[in-house]
Amino acid sequence: MMKKNTFKRATQLALVGILCAACAWNSNLQAAAQMEKAQNAQPVLKDETVYVTLDSQGNQQGIQVVNHLLVPEEGSYTDYGRYTAIKNMTDDTLPAQSGEQIVWNLPAMPEGFYYQGTLESGEIPWNFQINYWLDGKKVEPQQLAGATGKVEIEIVAQANERADAIYQERYMLQITVPVDMGKAEVVAAQGATQVVTGQSKQLAFTLLSGRSGTFRIELSVRDFAFDGISAAMMPADLSGYFDADEVKEGFSQLEDGAKELADGTQAFAQGMDQLAEGTSSLASGTGELDTGAKALQSGMKDYADGLSTYIEELEKLAQGAQQLKDGMAQAGDFSQLTEGFEGAVQAMGQLALTHEEKAQFQQLIMAAQQPGASQETLQAAQAAMVALKLDGAITQISGQLGSAAQGVGEAQAGLQTLIEKYGELSDGLAALPDGARELLGGFNELKGGQAQITSGVSELKDGAKTLNEAVSQLPDQAETLSDGQGQLYEGIKEAGEQIEEMLPQSDGEIAYTSFASAQGVAPQSVQFVVQSAAIRVEPQSAQEPDEPEAEENWFDRLLGLFRWN
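Presented here is a report on the structure given in the accompanying data block.

Conventions adopted
Residues numbered from 1 in each chain as written. Predicted model: local features only at pLDDT ≥ 70, side-chain atom pairs only at ≥ 80, totals over all residues. Heavy atoms only, no water. Salt bridge = Lys/Arg side-chain N within 4 Å of Asp/Glu carboxyl O. Helix = DSSP H or I, 4+ residues; strand = E, 2+ residues; numbered from the N terminus. Buried < 20%, exposed > 50% of the residue type's maximum accessible area, 1.4 Å probe, protein only. Phe/Tyr/Trp six-rings, centres within 6.5 Å; stacked < 30°, edge-to-face > 60°. Lys NZ or Arg CZ within 6 Å of the ring centre and 35° of its normal. 1 Å grid on protein atoms, 1.4 Å probe; cavity = no way out; pocket = protein on both sides within 12 Å on 5 of 7 lines; lining within 4 Å. Points joined across faces, edges and corners; volume = space filled by probe spheres on them. Nonpolar A, V, L, I, M, F, W, Y, C, P; charged D, E, K, R; others polar. Pairing = 2+ DSSP bridges. Axes fitted to C-alpha atoms, helices over the stretch in contact; angles between N-to-C directions. Core = buried A, V, L, I, M, F, W, Y, C linked by side-chain atoms within 4.5 Å. Contact = heavy atoms within 4.5 Å.

Moving on, we get to the pattern of salt bridges. A side chain with one charge may pair with a side chain of the opposite charge, provided their charged atoms come close. Overall, the coordinates contain 16 salt bridges when judged by the stated rule. In this structure, the salt-bridge partner of arginine 216 is glutamate 152, at a minimum N-O distance of 2.8 Å. One end of the pair, arginine 216, is in strand β16 (residues 213-221); the other, glutamate 152, is in strand β11 (residues 149-159), and 64 residues separate them in sequence. With a relative accessible area of 34%, arginine 216 lands in the partly exposed category. On the basis of relative accessible area, glutamate 152 is assigned to the buried category, the value being 11%. Here aspartate 391 makes a salt bridge to lysine 358, at a shortest N to O gap of 3.4 Å. Within this pair, whereas aspartate 391 is found in helix α6 (residues 375-407), its partner lysine 358 is found in helix α5 (residues 355-368), the two being separated by 33 residues in sequence. According to the relative accessible area criterion, aspartate 391 is buried, its value standing at 4%.

See below:
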């Protein structure tokens, strides 16, 4: 009995093997027929749409590539892809495969031909990480299902440096987050564009090519459920919104203007430095002028005081000369006359200028001889010349008196002549105080003018000091302004470079490469659609009804012919 069962089992297996070999042989015949048809090869024009599924935390779960081939006429269409599985989405046609090569023998299809390929992995333009918080505590996604409270969702979109260069440089990302307004209220969603469609509010975030970003959403929820995020990655072709050349030209002009403004501000800052140096020199010079004016005023006061004393002495001398003149007219005693002469000589000696006073008057006269001497200096020099002349006259008179005193005893006969001469001298001495008083009056006027000059110079010094203090702050402020203008220029320049990178190149045309295969046909377009898993309460499993017996197909029926009871 056991031998009989064993024989029956072996017979069944042999029959199954024969059938499988026949099916394989039939498939090879079909593949050979398709390869033979491939001789009528047609150019392939296609579009690729890459569908990427993520788990709730943003990890890749699967990649499906839907290819849309244009089939204007019957023929063989060869595509490429490193697919682990292929599904015809249009009809029942099977492809012929050899490695990554996929050959479709198709009739003309005005609406095109669609097929889907499954990839194990691939580098999409952006990678994602999704984090969740409930009432401030970080939680796993499924812990939020059915929750009530404050929910925070953080979406981190990281530009993928391993993705194809064209995706990094020319693609933009739009993330859409649906919010069921019946169960959730948006508290915060910075940077999001919000659109209400029915009972759902769509929060949209955008990133330009090569940029990474983190987006946070705060919700107040009841019985939380979440359909997951969806994202689209597509070429950032902005040519339909503005003229790229005009934008580039505008930024170029703006950059040139900012450069000129920065250069002008720098020149202004340098001018402020020079102005500050000039006002500092002005303040220093006016300070020295003020010191000199005050010293001159003090010296003129001392000179006026000395001149007043000099007038008093002249008056005394004139009185003594008059008394001597009167005594000489009445005197018959030569001894008294001799004493008078000696007194006069002594008085004359007291009136004579000292060496230092003569030196000061000589310096004043020399100063008046210099080109551009002021009126006050000229007047002071005239007074000094008069004083020197008076001193010379006094010296001469003193000498004459000495000679006269010595000759009194020798020439009594010349006494009358001496009296006459002395009379003339006495008259001259009497006139000296009046001349000195006139000199003092003029000098006092000069001194008063100098006081006004000194006051004006002092005010000038104070004004120059105030001006210097104000202007001294301008270079730093001008330098700050110059730095700001320089930063503005650099910012505009950088913005222009970034805008130029984002603008369409070569009239918006992009040289696409196939996402499915490096050796594949260059598609007309490639776009990405990403969807993360939903978060919701899993329905309770109900008792499943008994499944009806599966209907036998032709293969099952064929095997039944070889069964033994």
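From this point on, the discussion continues.
Moving on, we come to the packing of aromatic side chains. Applying the stated criterion to the full structure yields 11 aromatic pairs. When the ring of phenylalanine 224 is compared with that of phenylalanine 226, the centres are 6.1 Å apart and the planes differ by 25°; the resulting orientation is stacked. Accessibility assignment for this pair places phenylalanine 224 and phenylalanine 226 in one class, buried. Grouping aromatic residues by their ring pairs yields a cluster made of Tyr83, Trp104, Phe113 and Tyr115. Note that arginine 216 overlies the ring of tryptophan 133, its terminal NZ or CZ placed 4.8 Å from the centroid.

Rolled over the atoms, a probe sized like a water molecule indicates the empty space that remains. By volume, the largest pocket amounts to about 720 Å³. Taken together, 30 residues line the largest pocket, and the ones lying closest to its centre are Gly299, Tyr303, Gln360, Phe361 and Leu364. Listed by contribution, the elements that provide at least two residues to the lining of the largest pocket are α3 (244-330), α4 (334-351), α5, α6 and α7 (415-471). No other element matches α3, which puts 10 residues into the lining of the largest pocket. Looking at the lining of the largest pocket residue by residue, the class counts come to 16 nonpolar, 10 polar and four charged.

What follows deals with the sheet that holds strand β13 (residues 184-188). Read from one edge to the other, the open sheet built from five strands follows the order β10-β9-β11-β16-β13, with strand pairing classed as antiparallel. Sheet topology places β10 (137-139) and β13 at the edges, where each strand pairs with a single neighbour. Ignoring which end each strand starts from, the neighbouring axes of this sheet average 35° apart. Where strand β9 (residues 126-134) and β11 come together, nine bridges link them in antiparallel fashion. Its bridge partner lying in β11, tyrosine 132 is registered against isoleucine 153.

Time to look at the nonpolar core. Core analysis: the largest hydrophobic core is formed by 64 residues, its most contacted members being Phe128, Ile175 and Phe515. When sequence neighbours within four positions are dropped, the list of residues in contact with isoleucine 175 reads Phe128, Ile155, Ala157, Leu203, Ala204, Phe205, Phe215, Ile229, Ser230 and Ala231. Counting residues in hydrophobic clusters, the runner-up holds 33 residues, among them Met300, Ala321, Ala383 and Leu439.

A few words now on the pairing of strand β18 (residues 525-532). Judged by which residues are buried, β18 turns out to be one-sided: Val526, Phe528, Val530 and Ser532 face inward and are buried, whereas Ser525, Gln527, Val529 and Gln531, on the alternate face, are not. Pairing analysis gives eight bridges linking strand β2 (residues 46-54) to β18, with the strands arranged parallel. Paired with threonine 53 across the strands is glutamine 531, a residue of β18. Sheet topology note: the strand β17 (residues 230-235)/β18 ladder contains four bridges and is antiparallel. Paired with methionine 233 across the two strands is phenylalanine 528, which belongs to β18.

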